[in-house]
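Here's the letter readout for the chains.
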Amino acid sequence: MNLLLLGKTGQLGWELQRTLQPLGAVFACDYPEVDMADAASIRKIVRDCCPEVIINATAFTAVDKAESESELAEAINGTGPGVLAEVARKLNTVLIHFSTDYVFDGTKAAPYEEIDLPHPINVYGSSKLAGEQAIRSVGGDYLIFRTAWVYSLRRESFVSKVLEWARNNETLRVADDQVSNPTWARMLAEITAQVLVHGIGYLRERTGLYHLACAGHASRYTWAQEILRFDPAKQEQIVKQLLPALTSDFPSPARRPLFSALECRKFEEVFDLHLPAWNEALELAFGK
């Protein structure tokens, strides 16, 4: 199987590049080899590689920065995936694309299903929704995996930030009213590989949109508690208090959905696969 991986240096892309190797020939690239804001660059990389499957792990993920750089966020997250879908359909290639829980406004107060109507409340979410819509409007063979709160221990993430804060502050305040599914990038990469191992025909038969994240959900405060608990270098912590706070206590350019947890039952039923509970995955991530 010939695979083209876009976004190899990101949290998810780094894990995918390693996880996909046993499946065939993997051509992995990132900016500036491919510029997701440039349609010509996208078309060229795909045509040069002639892959059977394209895995798009690229994204403009700086949620606050997207508010002031909306055109770039829209180009990378919205327009770029549509171009990928167009060239993939012309070449009869399967496209796997990752989206986000931030396409929802967080007012449902229960895990979101694929049939729920998206309503993003920030530029990042609206740009990612535009990417989904562009792919679906082009058609062809695609899998869109909406995921949530992806983290890695290799790149900057909420996990790395909490560990850093704990080594530099005696008191930490973390939002207790933002809730979703913390998802380890390695687990997401591994389950993607498990889907791919069944072959091209299997993927084509399952074209569609799926929610894919670690099981269960937690607030950022609860997540931070577990991060500190599993920290393999607790002796380096100076933190003495971890206190719950409100999102409104931390003004930021972009609004965040308060409850954006994803219900992943559809993926589990269609693919007969599931990710572990978020706290079990976190423990594994720390090598416990």
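Residues numbered from 1 in each chain as written. Predicted model: local features only at pLDDT ≥ 70, side-chain atom pairs only at ≥ 80, totals over all residues. Heavy atoms only, no water.

Observations regarding unusual backbone geometry
In plain terms, the rule: For the purposes of this entry, the term helix denotes a DSSP run of H or I that reaches at least four residues, the term strand denotes a run of E that reaches at least two, and both are numbered from the N terminus.
With an omega dihedral of 10°, the bond running from tyrosine 31 to proline 32 counts as a cis peptide bond. In this fold, proline 32 is placed in the loop between β2 (25–29) and α2 (39–49). Here asparagine 92, not a glycine, exhibits a phi torsion of approximately 60°, which is positive. Relative to the helices and strands, asparagine 92 is located in the loop between α4 (70–90) and β4 (94–100). For tryptophan 149, which is not a glycine, the phi torsion comes out positive at approximately 45°. With respect to the element layout, tryptophan 149 can be found in the loop between β5 (142–147) and β6 (150–151).

Topic: the state of the cysteines
Operational definition: Pairs of cysteine sulfur atoms within 2.5 Å are what we label disulfides.
The full count for this structure, using the stated rule, is zero disulfides. Cysteine 50 carries a free sulfur, and the closest cysteine sulfur to it, the one in cysteine 49, is 7.9 Å from it.

Concerning the layout of surface pockets
Let me state the cut-off plainly: Throughout, the protein atoms alone are placed on a 1 Å grid, and a set of points is a cavity if a 1.4 Å probe fits but cannot get out or a pocket if it is open with protein on both sides within 12 Å along at least five of seven lines; lining residues have an atom within 4 Å of a point. Grid points are joined across faces, edges and corners, and a volume is the space filled by probe spheres set on the points. Under this grouping Gly is polar, as are all residues other than the nonpolar Ala, Val, Leu, Ile, Met, Phe, Trp, Tyr, Cys and Pro and the charged Asp, Glu, Lys and Arg.
Empty space within the largest pocket amounts to approximately 1,700 Å³. Taken together, 48 residues line the largest pocket, and the ones lying closest to its centre are Gln11, Thr61, Ala62, Val63 and Val150. By residue class, the composition of the lining of the largest pocket is 23 nonpolar, 14 polar and eleven charged.

Brief notes about the sheet that holds strand β10 (residues 208–211)
Rules: Here a strand pair is declared whenever DSSP counts at least two bridges between the two strands. Here, axes are lines fitted to C-alpha atoms. For helices the fit covers the stretch in contact, and angles between N-to-C directions go from 0 to 180 degrees. Note on contacts: a residue pair qualifies if any of its non-hydrogen atoms lie within 4.5 Å across the two residues.
Pairing is parallel in the open sheet, where six strands are placed in the order β2-β1-β3-β4-β5-β10. The open sheet is flanked by β2 and β10, the only strands paired with a single partner. Ignoring strand direction, the axes of neighbouring strands in this sheet form an average angle of 20°. Two strands pair when backbone bridges link them, and strand β1 (residues 2–6) and β2 are joined in this way by five bridges, in the parallel orientation. Bridging from a neighbouring strand, asparagine 2 pairs with alanine 25 of β2. Contacts from helix α1 (residues 11–19) reach β1, β2, β3 (53–56) and β4 within the one sheet, and its direction differs from that of β1 by about 160°. In the packing of α4 onto the sheet, contacts are made with β1, β3 and β4, and the angle to β4 comes to roughly 165°.

Section: the environment of glutamate 67
In plain terms, the rule: We define a polar contact as two N or O atoms separated by no more than 3.5 Å, with the added condition that, inside protein, one atom must be a possible hydrogen donor and the other a possible acceptor, whereas residues neighbouring each other in sequence contribute only through side-chain atom pairs.
As for its position among the elements, glutamate 67 is in helix α3 (residues 63–68). Sequence separation of glutamate 67 and arginine 255 is 188 residues, and the distance between their C-alpha atoms is 9.7 Å. Ignoring sequence-local partners within four residues, the contact set of glutamate 67 consists of Asn122, Val123, Tyr124, Pro253 and Ala254. Side-chain polar atoms of glutamate 67 contact the backbone nitrogen of valine 123, separated by 2.8 Å.

Let's talk about helix α5 (residues 123–138)
Worth spelling out the cut-off: To estimate the expected span of a helix, subtract one from its residue number and multiply by 1.5 Å. Throughout this description, buried means an accessible area under 20% of the type-specific maximum (1.4 Å probe, protein chains only), exposed means over 50%, and partly exposed covers the range between.
An ideal rise of 1.5 Å per residue puts 22 Å on 16 residues; α5 measures up with 23 Å between its terminal C-alpha atoms. For α5, the tally of buried residues reaches twelve of 16 residues, placing the bulk of the element in the interior. Within α5, the full set of buried residues consists of Val123, Tyr124, Gly125, Ser127, Lys128, Leu129, Ala130, Gly131, Glu132, Ala134, Ile135 and Val138. Contacts made by the buried residues of α5 are with α3, α4, β4, β5 and β10. Phi for glycine 139, located one or two positions after α5, is positive at around 85°.

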